Amino acid sequence: MTFEISLYLALAACLAGLLWRAYQWFSIDIGPEPTGSVGQRVLAAGSGLLGGIFSRRLLGSMLALVKDVLLQLHLLKAHPLKWAMHILIFWGFLLLLLGHAFDDEVTVHFFPDYASTLNPFFFLRNLLGVLVLTGVIIALIRRLNLPPQRRVTAAADHLVLAIVAGIILSGFLLEASQIVSEPLFDEMVADYHGDDPEEVAALKAVWARDYHVVFDPPAAVTDELLTTGSDLNEESCVACHSRPTAAFASLPLAWVLKRAAPTLNRIRADVWLWHLHYLLCFAGLALLPFTKL
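Residues numbered from 1 in each chain as written. Predicted model: local features only at pLDDT ≥ 70, side-chain atom pairs only at ≥ 80, totals over all residues. Heavy atoms only, no water.

For the rest of this paragraph, the subject is the overall build of the protein. Of the regular secondary structure elements, the protein holds 14 helices and zero strands. Of the regular secondary structure in the protein, the N- to C-terminal order runs α-α-α-α-α-α-α-α-α-α-α-α-α-α. Its C-alpha atoms give the protein a radius of gyration of 25 Å, more than 25% over the compact-globule value 19 Å for 293 residues. Projecting the C-alpha coordinates of the protein onto the three principal axes gives extents of approximately 85 × 45 × 40 Å. Residues counted as buried form 32% of the 293 residues belonging to the protein. (Helix = DSSP H or I, 4+ residues; strand = E, 2+ residues; numbered from the N terminus. Rg over C-alpha atoms; globule rule 2.2 N^0.38 Å. Buried < 20%, exposed > 50% of the residue type's maximum accessible area, 1.4 Å probe, protein only.)

Counting residues in each nonpolar core, the largest one holds 16 residues, and the members touching the most others are F185, M188, V189, L203, W207 and V213. Listed by contribution, the elements that provide at least two residues to this core are α9 (182-192), α10 (197-210) and α11 (223-236). Considering every element that reaches this core, the biggest residue donor is α10, with six residues. If we ignore the near neighbours within four places in the chain, the residues touching F185 are V200, L203, K204, W207, V213 and F215. Residues V132, I138, A165 and I168 belong to the second largest nonpolar core, which totals 15 residues. (Core = buried A, V, L, I, M, F, W, Y, C linked by side-chain atoms within 4.5 Å. Contact = heavy atoms within 4.5 Å.)

Take a negative patch on the surface next. Together, D195, D196, E198, E199, E224, D231, E234 and E235 line one region of the surface with negative charge. Put simply, the parts of the chain that give the negative patch at least two residues each are α10 and α11. Sorting elements by how many residues they give to the negative patch places α11 first, with four residues. By secondary structure assignment, the location of E198 is in helix α10. Owing to a relative accessible area of 67%, E198 belongs among the exposed residues under this scheme. (Patch = residues over 30% accessible without salt bridge, like charges linked within 9 Å, V, L, I, M, F, W, Y side chains within 5 Å. Areas by Shrake-Rupley, 256 points an atom, 1.4 Å probe, with all protein chains shown as cover. Salt bridge = Lys/Arg side-chain N within 4 Å of Asp/Glu carboxyl O. Lys, Arg positive; Asp, Glu negative; His and termini not counted. Charge placed at Lys NZ, Arg CZ, Asp CG, Glu CD.)

Per the stated rule, a full pass over the model turns up zero disulfides. This cysteine, C14, is not joined by any disulfide, and C281 carries the nearest cysteine sulfur, 13 Å off. C240 provides the cysteine sulfur closest to C237, a residue in no disulfide bond, and the two sulfurs are 8.8 Å apart. (Disulfide = S-S within 2.5 Å.)

As a further point, take the packing of aromatic side chains. Per the counting criterion, the structure on display carries 13 aromatic pairs. Feature note: the residues F3, W274, Y278 and F282 constitute an aromatic cluster, connected by ring pairs. (Phe/Tyr/Trp six-rings, centres within 6.5 Å; stacked < 30°, edge-to-face > 60°.)

An ideal rise of 1.5 Å per residue puts 32 Å on 22 residues; helix α5 (residues 80-101) measures up with 30 Å between its terminal C-alpha atoms. Of all the positions in α5, only M85, I87, G92 and L96 are classed as buried. Check the buried side of α5 and you find it contacts α3 (58-70), α7 (121-145) and α8 (155-179). (Expected span 1.5 Å × (residues − 1).)

Attention shifts here to the side chain of N233. If you trace the backbone, N233 turns up in helix α11. Judged by relative accessible area, N233 falls into the buried class, the value being 5%. In this structure, N233 is in contact with L203, V206, W207, Y211 and V238, ignoring residues within four places of it in sequence.

This next bit is on the packing of α5 against α7. In the contact formed by α5 and α7, the axes pass within 8 Å of each other and the chain directions differ by 145°. Viewed along their axes, α5 and α7 form a crossing whose handedness is left-handed. Across the interface between the two elements, L81, K82, M85, L88, I89, G92, F93, L95, L96 and H100 of α5 pack against R125, L128, G129, L131, V132, T134, G135, V136, I138, A139 and R142 of α7. The residue inventory of the contact of α5 with α7, partitioned by class, reads 13 nonpolar, five polar and three charged. (Axes fitted to C-alpha atoms, helices over the stretch in contact; angles between N-to-C directions. Left-handed = near helix turned anticlockwise from the far one by under 90°. Nonpolar A, V, L, I, M, F, W, Y, C, P; charged D, E, K, R; others polar.)

Any functional reading would require information beyond the geometric quantities listed.
So this is what it looks like as structure tokens:
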């Protein structure tokens, strides 16, 4: 329920902000002479848009879309570092949005066997997150080093950078907490395998060694258990779970969390981080029309 309420509030704020922006575009005069009422401007914009679509200028408009929006080549001409900053954030976040946040609506149509815990999706999710963080760091460094007279930055712009960085960092922490999570392992076994104590013990041995799950008390790891567990893992788990070695950003965080993992698992840190991750995403959505986003 909290998830749905937060989402609808964020969508309402975003829609209200977009309408406010549109009203500004069509109501503020540019230049010394009045340029018509809001209604006249809306009609003029609509007819101009339709005229651009249904005309020989469409090809030119599509090329401009590719060059100036998707590739942002005008920024490359202005300053290569500024272009890199925008491209890293824009493409990194866009692909995370389409391929990860909307995986049930987009990714599964291209990859029918998709699961977020399979490779190459482990690797791609980490790669895109690192690209976005790199863009945020470049943006922060540029803002700190620009002369005051060239700095066009409001407090909300710093907030946006913090939210974007928070979304990525909370995602890495969420994935790290899921890697070491005993409760998630228990849920997986209950849903897809069964509760035979000997088989569960064998699976625990494999998942403690190969998947970095932290069990409390620690799982027994013997050659016999590993042999049995590897066979069971092949039958029940590997179709949906790759070893997290390709998660080059999340896995080191999981190693750092290992000492505290029993406590984190008891308080279900993975659930709390999931909520934090989504709330930050919703905050970014709500602020979308009001900032440089």
